[in-house]
Amino acid sequence: MHVLAPAKINLHLRVGPRRDDGFHPLMTWMCTIGLFDSLTFEISGAAPREFKLRCDRPELPCGADNLVCKAAAALAARGSEPLGVDCFLKKSIPSGAGLGGGSGDAARTLAALNQLCQLGFSLAELEKLAARIGSDVPFFLHEPSAICRGRGEEIEKVPAPRARWALLILPAIHCPTPRIYQQFDAMQLGQEAALRDIPSRAWTQLAAMELLPLLINDLEAPAFALFPELAALRDRIERTLNRPVRMSGSGSSLFTLFDNDEPCEQARQSLAPEIDARILSVPICPSPDDDLA
Ligand code: C5P
């Protein structure tokens, strides 16, 4: 079985004050983008029955801490026997970029193994397992576009934005999520008022240049405090393209939006000689063609 796991961007990300459990309440609008990891799953006849992960990136740990293995373990723990499956993961989504790469892989693993091994879990059961694996995992069971609240696990599906293309900038900066939240706390950021609902249906109808100025990411301030070079890069891109640029999640990826593909590709070409970062022009809320489609 072949499955594609898309990356996400947080179009809008508001963060409240730290809760007693250490997590932060969120109100975020997330969308998938056309940047995918690829996963293949095969039932294995080998004894003992076990879930085995291999990956095309030698630097990526393939042990129990990998979110793909956590997803397989969560399913096996609810069943009567271990899952005898070989999985190969081909990574394209960078980690420490705020693109939910590991979370998307985990969610697609839950859905794929449920089908491949005929485990019979309902979507509600998969959601519970997903929330335990990570805050962003439940979204990927409900992509491509949703408002997420709580620590990220309360999902309300919304239409895809009218702005259907994103210019994605991937600087060579690794932003560890817990460190960005710690800095957020140290800077005493986080207001309950930030979590107020947005008129999400109305926002989905806006053109890119109407929507962009409304978008806020409360994790930009701590990320830019820890990585001033990221703030400088954002300013430079905004000046070059003459449009607002936002950070996704806890960073370090940056994005801006376009209504369609041509101006997005033109912007990619004009930016490429100006900055030292990978730049991609990607569709928003794509429909991947894989064995779960
Ligand atoms: O849930 P996940 O494992 O992805 O979270 C990684 C870290 O990000 C958490 O340990 C926590 O420090 C921080 N986090 C948070 N509030 C959230 C989501 C994540 O503080 N809503």
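Our subject is the structure that appears above.
Residues numbered from 1 in each chain as written. Predicted model: local features only at pLDDT ≥ 70, side-chain atom pairs only at ≥ 80, totals over all residues. Heavy atoms only, no water.

S.K.: Explain unusual backbone geometry to me, using residue names and the numbers behind them.
M.R.: Following Glu143, the chain continues to Pro144 via a peptide bond in cis, the omega torsion being 20°. For Pro144, the location among the structural elements is in the loop between helix H3 (123-133) and strand S5 (145-150). With an omega of 10°, the peptide bond running from Gly251 to Ser252 counts as cis. Of note in this structure, Gln118 is not a glycine but carries a positive phi near 50°. Tracing the chain through its elements places Gln118 in the loop between helix H2 (101-116) and H3. Here Asn242, not a glycine, exhibits a phi torsion of approximately 60°, which is positive. By the secondary structure assignment, Asn242 is in the loop between helix H8 (228-241) and strand S8 (246-247). Exposure remark for Asn242: the relative accessible area of 64% places this residue in the exposed category. (Helix = DSSP H or I, 4+ residues; strand = E, 2+ residues; numbered from the N terminus. Buried < 20%, exposed > 50% of the residue type's maximum accessible area, 1.4 Å probe, protein only.)

S.K.: Any chance you could break down the site of the ligand for me, citing the residues and the numbers?
M.R.: Taken together, Gly22, Phe23, His24, Leu26, Gly134, Ser135, Arg151, Thr177, Pro178 and Tyr181 make up the full set of residues adjacent to the ligand. A distance of 2.5 Å separates an oxygen atom of the ligand from a polar atom in the side chain of Ser135. One nitrogen or oxygen atom from the main chain of Arg151 is found 3.1 Å from a nitrogen atom belonging to the ligand. Relative to its unbound accessible area of 450 Å², the ligand is 72% covered by the protein chains. The element contributing the most residues to the shell around the ligand is helix H4 (residues 177-186), with three residues. Taken together, the residues of the shell around the ligand sort by class into four nonpolar, five polar and one charged. (Near = heavy atom within 4 Å. Polar contact = N/O pair within 3.5 Å; in protein donor to acceptor, adjacent residues only side chain to side chain. Areas by Shrake-Rupley, 256 points an atom, 1.4 Å probe, with all protein chains shown as cover. Nonpolar A, V, L, I, M, F, W, Y, C, P; charged D, E, K, R; others polar.)

S.K.: Lay out the pattern of salt bridges in plain terms, naming residues and giving numbers.
M.R.: Tallying each qualifying case throughout the model produces 15 salt bridges. Linking Arg14 and Asp218 is a salt bridge whose minimum nitrogen-to-oxygen distance equals 2.8 Å. Placement of Arg14 in strand S1 (residues 2-15) and of Asp218 in the loop between helix H6 (208-211) and helix H7 (220-226) is noted, with a sequence separation of 204 residues between them. By relative accessible area, which is 19% here, Arg14 ends up buried. The buried category is assigned to Asp218, whose relative accessible area is 17%. In the salt-bridge network here, residues are joined through shared partners; they are Asp37, Lys91 and Asp105. (Salt bridge = Lys/Arg side-chain N within 4 Å of Asp/Glu carboxyl O.)

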